Amino acid sequence: MQKKLCTWFRPYHAWLFLIPTLLGLFVFRLGPMVAASILSFTNWDILAKPKWVGLNNYQELFSDPIYREVIINTFEFSLIYVIGVIIFGLLLALIVNSKVKGVTFFRAAYFTPVVTSAVAVGIVWNWLLSPHYGLVNVILENVFKLSPPAWLGERSTVLVVVAVVQLWKMSGYYMILFLAGLQDIPRIYYEAAQIDGASKWDSFWKITLPLLSPTTFFVFTIAIIDSFKNFEIIYTMTKGGPSNATTTLVYSVYVNAFVFYRMGYASAVAYILLIVIGIITIINFLLKKYWVNYQY
Amino acid sequence: MKIFKKILIYTLLGIIVIIMIFPFVWMVINSFNSEESIFKIPPKIIPDKLFKKDMFENYITVLRDYNFLRYSLNSFIVASLASIGQIFTCSMAGFAFARMRFRGKTIVFALLLSTMMIPVQVTIVPEFLLMMKLGWLDTFAPLIIPSFLVGTFGTFLYKEFFENIPRDLEDAAAIDGAGPLTMFLRVFFPLSIVQTTTLFIIAFMNNWNDLLRPVLYINSTKLMTITMALTQFQSQYSARWSYLLTGAVLSILPLLIIYIVLQRFVMEGITHTGLKG
């Protein structure tokens, strides 16, 4: 509609207003992305001059058995996180969507872990989960007479535990997103269904879920992006250990670049990460048409 | 039947509250405990320093002897400057995207949105190289500048808001002789007080909580941010849980206060854009 209207602004005005954004975009986002792709073909280690090594970094990466584990860890973490936040976020949203007194208090309370730092969250859970003296194991041992594992010390449990802590921290955020979606569904559908004799259970599956699908898709997309951002929680809780059991691609970039100073190799890892994210995002958008419906 | 349903809902709400905030409550309680009492079995519900003369001993030690006052101040400086920067950058970009027509608008906007999907680890190695070349290592600049200039969430927030302002306002201002800059500064920006507050809070939280950049760029003890100091403290004095927990409480306290006072802005900001920074 505005297209035909004249405007008070010239195109160069827009570019002037965009100077800081463009500076940030090119200097801190796009520029480094290109630079990282070039670096991934070198053996740069900060000290010596970088030398072109072709595909060596990628070859080393694919022949290293640790990397198979790192990639599996990355997917496992993402899978637990994405499925977890969607189910738990939706459940929380359904509960706080009920019209009872004081529900805003509960919403705010559930959101609290989102605003706290991953570092503080990591420290608290490290303490609660520490073997023998941590509160979780104290309760399990003394009240339930179980012999619980050292959650963060064993390869079999550690990744799941860290992913669940991150999911615990973030579920309040997904609750808010789902809540907004739930409140957008027109009430008349539920009233009509009730008149036709549908149960609450039926309306959830036949009305809520299908009409919520655009929100679910959006949440799904955000959750996938978010699931790769796990550096802080891993750094505070496990430092990638024990023996690489919680090393994900994101963490591996950090370790290679800033602990071993293998900048070139780290850039190759970063590019693998980028490709993984790219593939998942494309699949996500391709599958969209099969389950998301935008019409009410 | 009705009352039964209500009891059910409140029970459920109550159980989840315990799951979500008990760890923090337990942490605060134990920050008033001495080191020996933290690992007592059965756990002490009432901490041994509560309402005693040395009640705040852990806090005083952590703030003064372990310099956490300094680290909090550093975090405050970094987070404030970065957030003010985001307001500056994002409000101007949002205004341009919302009210102006220019070639390449969709491309620039799409680029901005798509870079949001990329974890910072993908670009951090060249960014580090750049900061090194600029001589900015071990200063606050690398913690502030990248966040200052990149803000997808904020741009989105302002764009949505400025798009919905009636065109008459723009016309009236232009007829009164306002140029683009005056129009933005005097007419549009002052209207966006809610968006500005929201962005400030969310950007402040994100920057306060950031860990990667401080860990990479800061070497001097006196420049450490509070999240970084906590992780350092964790690896150096891993046995001192009383101080570590106190430090953790101190690191989330400012955010918690801001959140409790201004939670409406946080929630609405996320609901409107679906993003959090």
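Residues numbered from 1 in each chain as written. Chains lettered and ligands numbered in written order. Predicted model: local features only at pLDDT ≥ 70, side-chain atom pairs only at ≥ 80, totals over all residues.

A tally of helices and strands in chain A yields 13 helices and zero strands. The helix and strand sequence of chain A, counted from the amino end, reads α-α-α-α-α-α-α-α-α-α-α-α-α. When its C-alpha atoms are laid out on the principal axes, chain A stretches across 75 × 75 × 35 Å. In chain A, buried positions account for 41% of the 296 residues. Sequence-distant contacts in chain A: of pairs separated by 6 or more residues, those separated by 24 or more amount to 70%. (Helix = DSSP H or I, 4+ residues; strand = E, 2+ residues; numbered from the N terminus. Buried ≥ 20, exposed ≤ 12 C-beta atoms within 10 Å, placed from the backbone. Contact = placed C-beta atoms within 7 Å.)

Time to look at the interface of chain A and chain B. In this assembly, 72 residues from chain A lie in contact with 70 residues from chain B. Split into classes, the residues belonging to the side of chain A that touches chain B amount to 57 nonpolar, twelve polar and three charged. (Nonpolar A, V, L, I, M, F, W, Y, C, P; charged D, E, K, R; others polar.)

Core analysis: the biggest nonpolar cluster contains 149 residues, and Met175, Val269, Ala270 and Leu273 of chain A together with Ala248 of chain B have the highest contact counts within it. If one sorts the elements of this core by residue count, helix H8 (residues 155-184) of chain A sits on top with 14 residues. Residues in contact with Val269 of chain A, not counting those within four places in the same chain, are Leu61, Leu249, Ser252, Val253 and Asn256 of chain A. (Core = buried A, V, L, I, M, F, W, Y, C linked by C-beta atoms within 7 Å.)

So, about the confidence of the model for chain B. Predicted confidence across chain B gives a mean pLDDT of 88, with 98% of residues reaching 70 or more. The ipTM, which scores confidence in the relative placement of chains, is 0.88 for this predicted complex, and the corresponding pTM is 0.89. (pLDDT = per-residue confidence, 0-100.)

All names here are of chain A. The N-to-C vectors of helix H4 (residues 65-96) and H8 enclose an angle of 40°; their axes lie 6 Å apart at closest approach. If you check the angle between H4 and H8, you find them oblique. Two packed elements cross with a definite hand, and for H4 against H8 that hand is right-handed. The residue makeup of the contact of H4 with H8, split by class, is 21 nonpolar, five polar and one charged. (Axes fitted to C-alpha atoms, helices over the stretch in contact; angles between N-to-C directions. Parallel < 35°, antiparallel > 145°, perpendicular 65-115°, else oblique. Left-handed = near helix turned anticlockwise from the far one by under 90°.)

Our next topic: the environment of Met183 of chain B. Residues and elements named next belong to chain B. Mapped onto the elements, Met183 comes out in helix H10 (residues 180-191). For the pair formed by Met183 and Asp171, sequence separation is twelve residues and the distance between their alpha carbons is 9.9 Å. Among residues more than four places away in sequence, those in contact with Met183 are Glu170, Ala173, Ala174, Ala178 and Phe188.

A positive phi angle is found at Ser243 of chain A, which is not glycine, with a value near 35°. Examined against the element boundaries, Ser243 of chain A turns out to sit in the loop between helix H11 (231-237) and helix H12 (249-258). Classification of Ser243 of chain A as exposed rests on a count of 10 C-beta atoms within 10 Å. For Asn67 of chain B, which is not glycine, the phi dihedral falls at a positive 65°. Overall, the presence of 17 C-beta atoms within 10 Å leaves Asn67 of chain B in the partly exposed class.

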